[in-house]
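Each chain, written out:
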Amino acid sequence: KKAGARVGIMRALRELAGLYRLQGRYQDAARLYERALAVGSERHDSVVKVDLTDYELRGLIYETTGRYEEAAADYQRVLKKEDFNTAERLHLPPGPNPFVLESLANVLRIQGKYAEAERAFEKSLAIREKLDVSWDLTTPLLGLAKVKQLRGAYSDADALYQRALSTNETEF
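Just so you know, these numbers come straight off a predicted model, no measurement behind them.

Engineer: So what's going on with the overall build of the protein? Residues and values would help.
Structural biologist: Along the protein, the regular secondary structure elements total nine helices and zero strands. For the protein, the α and β elements follow one another from N to C terminus as α-α-α-α-α-α-α-α-α. Sequence separation of 24 or more characterises 53% of the internal contacts of the protein that already satisfy a separation of 6 or more. Looking at the protein as shown, the accessible area adds up to about 9,800 Å², and 51% of this sits on carbon and sulfur atoms.

Encoded structure:
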């Protein structure tokens, strides 16, 4: 019961922090991510399996406060962790978590590392395509389109934006 509440607290803190990021309240968001990290570090049993690793939370803190190199490093650590149990719980194929790949890709894009960002978005897209849930393709499609746009590949960006739009219109 206590473990479930801990997971709930961590998730609520993360979601509220995400809202604050959208509102430009970056310091408030960072404080909430730090609180979630503290709550997560209090877990002493191996029964608690959460989708927020310490590295992912630290990556969010770093990203929120403009420390992009550190954010990228922590997201890469998450992708390398063998004990990261998210795939099974989210019904994802074994391998890298597409959500973390997208976080890493966004940080790389912000840093101007477009080729690396493009590869991360493409990898995420490939994973999500295997899931055969078309609406779930939006994030990597839009991220990849943005990178193509920033690289001046406007026709490629246009095609990706159009694909994201038509995929969602079909589902709608």
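Engineer: Residue-level account of the pattern of salt bridges, with values.
Structural biologist: Pairing between side chains of opposite charge can happen when their charged atoms approach one another. For the structure on display, the rule yields eleven salt bridges. For Glu118, the salt bridge identified is with Arg151, shortest N-O distance 2.6 Å. Highlighted residues: Glu118 in helix α7 (residues 114-130) and Arg151 in the loop between α8 (138-150) and α9 (154-171), separated in sequence by 33 residues.

Engineer: Tell me about α7, and name the residues and values.
Structural biologist: Taking 1.5 Å as the rise per residue, α7 with 17 residues should run 24 Å; its terminal C-alpha atoms sit 24 Å apart, in good agreement. Residues Ala117, Glu118, Ala120, Phe121, Ser124, Leu125, Ile127 and Arg128 constitute the buried set of α7. Positive backbone phi, at 55°, marks Asp132, one or two positions downstream of α7.

Engineer: Run through the packing of aromatic side chains, naming residues and quoting values.
Structural biologist: Counting across every chain of the model gives zero aromatic pairs. Of note, Arg25 hangs over the ring of Tyr20, and the distance from its end group to the ring centre comes to 3.7 Å.

Engineer: Please give an account of the nonpolar core that cites residues and values.
Structural biologist: In terms of nonpolar packing, the biggest core is built from 37 residues, with Tyr33, Leu57, Tyr75 and Leu141 touching the most fellow members. Counting only elements with at least two residues in this core, the list comes to α1 (2-22), α2 (26-41), α3 (54-64), α4 (68-80), α6 (98-110), α7, α8 and α9. A total of seven residues in this core trace back to one element, the largest contributor, which is α2. Among residues more than four places away in sequence, those in contact with Tyr75 are Glu56, Gly59, Leu60, Glu63, Val100, Ser103, Leu104 and Val107.

Engineer: Account for the side chain of Glu63, with residues named and values stated.
Structural biologist: Note that Glu63 resides in helix α3. Owing to a relative accessible area of 11%, Glu63 belongs among the buried residues under this scheme. Within the local environment of Glu63, its side chain forms a polar contact with the side chain of Arg21, the two groups lying 2.9 Å apart. Beyond its immediate stretch of four places on either side in the chain, Glu63 contacts Arg21, Tyr68, Ala71, Tyr75, Ser103 and Val107.

Engineer: Any chance you could break down the environment of Pro98 for me, citing the residues and the numbers?
Structural biologist: As for its position among the elements, Pro98 is in helix α6. A residue is classified by how much of its surface remains accessible, and Pro98, at 1% relative accessible area, is buried. Taking the C-alpha atoms as reference points, Pro98 and Thr139, 41 residues apart in sequence, are found 9.8 Å from one another.

Engineer: Residue-level account of the packing of α7 against α8, with values.
Structural biologist: Where α7 contacts α8, the axes come no closer than 9 Å and their chain directions differ by 155°. Relative to α8, α7 is oriented roughly antiparallel. The element α7 and its partner α8 pack so that their crossing is left-handed. Listed contacts from α8 to Tyr114, Ala117, Glu118, Phe121, Glu122, Ser124, Leu125 and Arg128 of α7 are Thr139, Pro140, Leu141, Gly143, Leu144, Val147, Lys148 and Leu150.

Engineer: Run through α4, naming residues and quoting values.
Structural biologist: Given a rise of 1.5 Å per residue, 13 residues ought to cover 18 Å, and the 18 Å separating the end C-alpha atoms of α4 matches this to within 8%. Looking at α4, one finds that the buried residues are Ala71, Ala72, Asp74, Tyr75 and Val78. Projected down its long axis, α4 carries its buried residues within an arc of 165°, all on one side. Within α4, the exposed residues directed more than 90 degrees away from the buried face are Glu69 and Lys80.

Conventions we followed
- Residues numbered from 1 in each chain as written.
- Predicted model: local features only at pLDDT ≥ 70, side-chain atom pairs only at ≥ 80, totals over all residues.
- Heavy atoms only, no water.
- Helix = DSSP H or I, 4+ residues; strand = E, 2+ residues; numbered from the N terminus.
- Contact = heavy atoms within 4.5 Å.
- Areas by Shrake-Rupley, 256 points an atom, 1.4 Å probe, with all protein chains shown as cover.
- Salt bridge = Lys/Arg side-chain N within 4 Å of Asp/Glu carboxyl O.
- Expected span 1.5 Å × (residues − 1).
- Buried < 20%, exposed > 50% of the residue type's maximum accessible area, 1.4 Å probe, protein only.
- Phe/Tyr/Trp six-rings, centres within 6.5 Å; stacked < 30°, edge-to-face > 60°.
- Lys NZ or Arg CZ within 6 Å of the ring centre and 35° of its normal.
- Core = buried A, V, L, I, M, F, W, Y, C linked by side-chain atoms within 4.5 Å.
- Polar contact = N/O pair within 3.5 Å; in protein donor to acceptor, adjacent residues only side chain to side chain.
- Axes fitted to C-alpha atoms, helices over the stretch in contact; angles between N-to-C directions.
- Parallel < 35°, antiparallel > 145°, perpendicular 65-115°, else oblique.
- Left-handed = near helix turned anticlockwise from the far one by under 90°.
- Arc of directions from axis to C-beta.

Don't take any of this as a statement about function, it's just geometry.
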